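Understanding the architecture of this molecule
The lines below spell out each chain.
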Protein chains: 2
Amino acid sequence: MALCISDPAVKRLPMYYRYLKEIEKKGIDSISSADLGKLTGLTASQVRQDINIYGGKGRQGYGYPVIELRKHIEHLLGVDHPHTMMVVGMGSLGCAIVRCASFKKKGFVTVAAFDNDEKRIGISLDELTIQNVDELARFLKSERVDIAVLSTPADVVQELAERIYRCGVRGFWNYAPIDLQLPEDAAVVNVHLDESLEVLTYRLNHLD
Amino acid sequence: MALCISDPAVKRLPMYYRYLKEIEKKGIDSISSADLGKLTGLTASQVRQDINIYGGKGRQGYGYPVIELRKHIEHLLGVDHPHTMMVVGMGSLGCAIVRCASFKKKGFVTVAAFDNDEKRIGISLDELTIQNVDELARFLKSERVDIAVLSTPADVVQELAERIYRCGVRGFWNYAPIDLQLPEDAAVVNVHLDESLEVLTYRLNHLD
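Along each chain, residue indices are assigned from 1 in the same order as the chain's sequence is written. Labels follow written order: the first chain is A, the first ligand is 1, and so on. Predicted model: local features are reported for residues with pLDDT of at least 70 only, side-chain atom pairs are reported and counted for 80 or more only, and whole-chain, interface and lining totals are derived from all residues. Side-chain numbers here rest on the full set of heavy atoms in the structure, without hydrogens or water.

Remarks on the relation of the copies chain B and chain A
Least squares is used to superpose the copies, and the fit set is the C-alpha atoms of residues whose pLDDT is at least 70 in both copies. When chain B is fitted to chain A, the best match, at an RMSD of 0.0 Å, comes from turning it 180° and sliding it 0.0 Å along the axis. The transformation just described matches what one would write down for a two-fold rotation axis. Note on definitions: a residue-residue contact is assigned when non-hydrogen atoms from the two residues lie within 4.5 Å. Comparing contact sets, 100% of the residues at the interface of chain B also lie at the interface in chain A, consistent with an isologous, same-surface contact.

Structure, rendered in structure tokens:
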């Protein structure tokens with residue numbers, strides 16, 4: 001796929017995907033850029049520009065074919081096929097991620113959970129048993145994992161991520177409050193929940 | 001404060017705040033826009049533009065005074081004073097949020113937790129007891145809550161948010177996979193964890 005999509009436009013992809021699924025569920029066949037703009041809070045011109053960049057096609061006087069565009073974006077996002085995940089750091093957040101039903105429903109299958117805390121190792125969680133993080137490299141020799149979910153303290157996460165990278169994993173969903181530095185052939189999303197809360201307090205403290 | 005800061009620039013504020021705290025911890029007094037750019041992954045010119053918009057001041061040949069700028073951004077973000085939160089929807093994610101130590105450390109104090117499930121109501125979690133969501137309005141008559149954290153299923157969250165808004169709460173940190181629609185005098189951040197995972201699969205599936 002030779003598309004070059006800017007980072008802000010990539011970040012809007014999942015939103016289009018979500019709204020298109022909703023519209024499809026309502027049995028609507030086609031939607032105009034104006035109506036899609038109203039739903040997403042964007043201008044019609046921004047919607048047309050985005051979908052053009054995504055390589056989606058509309059028809060004059062008809063709009064965008066909903067199912068076709070949804071499938072196109074699904075394929076772009078790579079969520080038309082399942083992904084395997086492993087979670088490292090089984091505190092409350094790590095456990096919540098393993099238990100999250102909506103990830104499973106979307107094809108994200110957690111195949112392993114790791115921790116370094118003796119009190120957690122061996123505990124069963126859904127169909128998984130928490131393993132010792134020292135077993136990680138051995139596990140990755142025999143199992144293919146697409147995404148490492150990192151919910152460890154900040155001071156260990158960079159070294160851990162590098163270790164996992166060397167075992168061949170290329171997707172990193174990082175919840176520790178630092179920006180991971182990995183080679184260019186790794187895909188990283190740093191979630192930074194604290195910072196999303198700070199954006200909220202900014203807005204809250206600047207309400208008119 | 002009469003500053004008008006665009007949404008993308010607001011979203012970068014917490015990142016500057018995080019790096020400035022790190023630099024301060026290392027005992028560094030001042031930092032140039034070029035060095036701050038290297039840390040944050042932005043160009044020096046973008047850094048200068050952002051900090052100018054934020055109303056921060058640097059000095060020619062000296063750079064930005066680290067402590068002063070950190071305090072300035074802290075004040076802008078509104079995190080120089082504590083905020084109270086309540087969590088509604090006490091599944092795994094709601095529990096993880098209540099237990100998250102880093103929120104507490106940053107002055108986000110969870111004062112109540114609610115659910116509608118009989119099996120969860122009455123359970124103790126840290127120093128809180130999960131209350132019946134029907135008690136919400138009564139609770140908010142006597143307690144001031146800055147931020148409602150919503151970790152409920154998508155189909156109930158909009159009605160619930162409106163109910164909480166009518167009780168006077170103005171900050172909404174929404175984890176349900178819809179975009180909340182609230183009056184303009186409410187501050188909303190929709191977290192969309194699923195979508196952050198989809199951005200990751202996009203990047204993973206488009207690695208060179």
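Still to come is the rest of the account.
Focus: the confidence of the model for chain A
In predicted models, pLDDT denotes the confidence assigned by the predictor to each residue on a 0 to 100 scale. On average, residues of chain A carry a pLDDT of 95, and 99% of them reach 70 or more. Listed scores for the predicted complex are pTM 0.93 and ipTM 0.95.

Considering the sheet that holds strand β3 (residues 83-88) of chain B
In a beta sheet, neighbouring strands pair by backbone hydrogen bonds and run either parallel or antiparallel. Residues and elements named next belong to chain B. Pairs of strands are assigned from DSSP output, requiring at least two bridges between the strands. Think of it this way: any DSSP run of H or I at least four residues long counts as a helix, any run of E at least two long counts as a strand, and we number them from the N terminus. Across the sheet, six strands lie side by side as β7-β4-β3-β8-β9-β10; this open sheet has parallel pairing. This sheet does not close on itself; its edge strands, each paired only once, are β7 (131-132) and β10 (187-190). Across four bridges, the pairing between β3 and strand β8 (residues 147-150) is parallel. Residue pairing across strands places Val88 opposite Leu150, the latter belonging to β8.

Brief notes about helix α2 (residues 33-40) of chain A
Residues and elements named next belong to chain A. Each residue is placed in one exposure class: buried if its accessible area under a 1.4 Å probe, protein chains only, is under 20% of its type's maximum, exposed if it is over 50%, and partly exposed if it falls in between. The set of residues buried in α2 consists of Ser33, Leu36, Gly37 and Thr40. Buried residues in α2, looked at end-on, bunch into an arc of 105°, giving them a common side. Looking at the packing, one finds that the buried side of α2 touches α1 (7-25), β1 (30-31), α3 (44-54) and β2 (64-65). Trailing α2 by a residue or two, Gly41 shows a phi angle of about 80°, which is positive. The arc under discussion is defined with respect to the helix axis, by the directions toward the C-beta atoms.

With respect to the environment of Leu13 of chain B
Counting through the fold element by element, Leu13 of chain B comes out in helix α1 (residues 7-25). Measuring from C-alpha to C-alpha, the distance between Leu13 of chain B and Ser151 of chain B comes to 25 Å, with 138 residues separating the pair along the chain.

Points about the interface of chain B and chain A
Taken together, the contact pairs 59 residues of chain B with 59 residues of chain A. Summed over both partners, the accessible surface that disappears when two parts come together, traced with a 1.4 Å probe, is what is meant by buried area. Interface area lost by chain B to chain A is led by Leu197, Glu198 and Tyr202 of chain B, which between them contribute 13%. A side-chain nitrogen of Lys or Arg and a carboxyl oxygen of Asp or Glu constitute a salt bridge if their distance falls within 4 Å. The tally of links between chain B and chain A comes to ten salt bridges. Across the pair Arg203 of chain A and Asp7 of chain B runs a salt bridge, and its minimum N-O distance is 2.8 Å. We call two N or O atoms a polar contact when they sit within 3.5 Å, provided that within protein one can donate a hydrogen and the other can accept it, with sequence-adjacent residues counted only if both atoms are side-chain atoms. Counting the contacts that link chain B with chain A gives 28 residue pairs in polar contact (both at pLDDT 80 or more). When residues of the side of chain B that touches chain A are traced back to their parent elements, those giving at least two are α1, α4 (66-77), β3, α5 (92-99), α6 (101-105), β9 (171-174), β10 and α9 (193-205) of chain B.

Points about the sheet that holds strand β7 (residues 131-132) of chain A
Strand order in this open sheet of six strands is β7-β4-β3-β8-β9-β10 (chain A), and the pairing throughout is parallel. Lying at the two open borders of the sheet, with one neighbouring strand each, are β7 and β10 (187-190) of chain A. When strand β4 (residues 108-115) of chain A meets β7 of chain A, the two strands line up parallel, connected through two bridges. Opposite Phe114 of chain A, over in β7 of chain A, you have Gln131 of chain A as the bridge partner. To obtain an axis, a line is fitted to C-alpha atoms, over the contacting stretch when the element is a helix, and the angle between two such axes runs from 0 to 180 degrees between their N-to-C directions. Each of β3 (83-88), β4, β8 (147-150), β9 (171-174) and β10 of chain A touches α9 of chain B; the most contacted strand, β10 of chain A, lies at about 160° to it.

Here we look at the packing of α1 of chain B against helix α2 (residues 33-40) of chain B
Residue and element names in this part refer to chain B. For the pair α1 and α2, the least separation of the axes is 11 Å and the interaxial angle reads 110°. Judged by the inter-axis angle, α1 sits roughly perpendicular to α2. Contacts from Met15, Tyr16, Tyr19 and Ile23 of α1 reach α2 at Leu36, Leu39 and Thr40. For this classification, the nonpolar set comprises Ala, Val, Leu, Ile, Met, Phe, Trp, Tyr, Cys and Pro, the charged set comprises Asp, Glu, Lys and Arg, and every other residue, Gly included, is treated as polar. Along the lines of polarity and charge, the residues of the contact of α1 with α2 split into six nonpolar, one polar and no charged. Roughly parallel means an angle under 35 degrees; roughly antiparallel means over 145; roughly perpendicular covers 65 to 115; every other angle is labelled oblique.

Some details on the pattern of salt bridges
Counted by the stated rule, this structure contains 33 salt bridges over all chains. The salt bridge involving Lys104 of chain A is made with Asp126 of chain A; its shortest N-O contact spans 3.3 Å. With Lys104 of chain A in helix α6 (residues 101-105) and Asp126 of chain A in the loop between β5 (124-125) and β6 (128-129), this pair connects stretches of sequence that are 22 residues apart. Lys104 of chain A sits in the partly exposed class, given a relative accessible area of 44%. Members of the salt-bridge network, linked through shared partners, are Asp7 and Lys11 of chain A together with Arg203 of chain B.

A short note on the packing of aromatic side chains
Ring pairs shown here join Phe, Tyr and Trp side chains whose ring centres sit within 6.5 Å, with only the six-membered ring taken for Trp; geometry is labelled stacked below 30 degrees between planes, edge-to-face above 60, and tilted in between. In total, this model carries eight aromatic pairs over all chains according to the counting rule given. Ring geometry for Phe114 of chain A and Phe139 of chain A: centres 5.6 Å apart, planes at 75°, overall edge-to-face. Taken together, the positions of Phe114 of chain A in strand β4 and Phe139 of chain A in helix α7 (residues 136-142) put the pair 25 residues apart, joining distant regions of the chain. Accessibility expressed as a relative area gives 0% for Phe114 of chain A, which makes it buried. Consider the rings of Tyr16 of chain B and Tyr54 of chain B, whose centres lie 5.7 Å apart with planes at 80°: the pair is edge-to-face. One end of the pair, Tyr16 of chain B, is in helix α1; the other, Tyr54 of chain B, is in helix α3 (residues 44-54), and 38 residues separate them in sequence. Ring pairing ties together the aromatic residues Phe103, Trp173 and Tyr175 of chain A, which thus form one cluster. Here the guanidinium or amino end of Arg18 of chain A rests over the ring plane of Tyr19 of chain A, the centre of that ring lying 5.0 Å away. Sitting above the plane of the Tyr165 of chain A ring, Arg170 of chain A keeps its charged end 3.7 Å from the centroid. Only lysine NZ and arginine CZ atoms are considered, and such an atom sits over a ring when it is within 6 Å of the ring centre and within 35 degrees of the ring normal.

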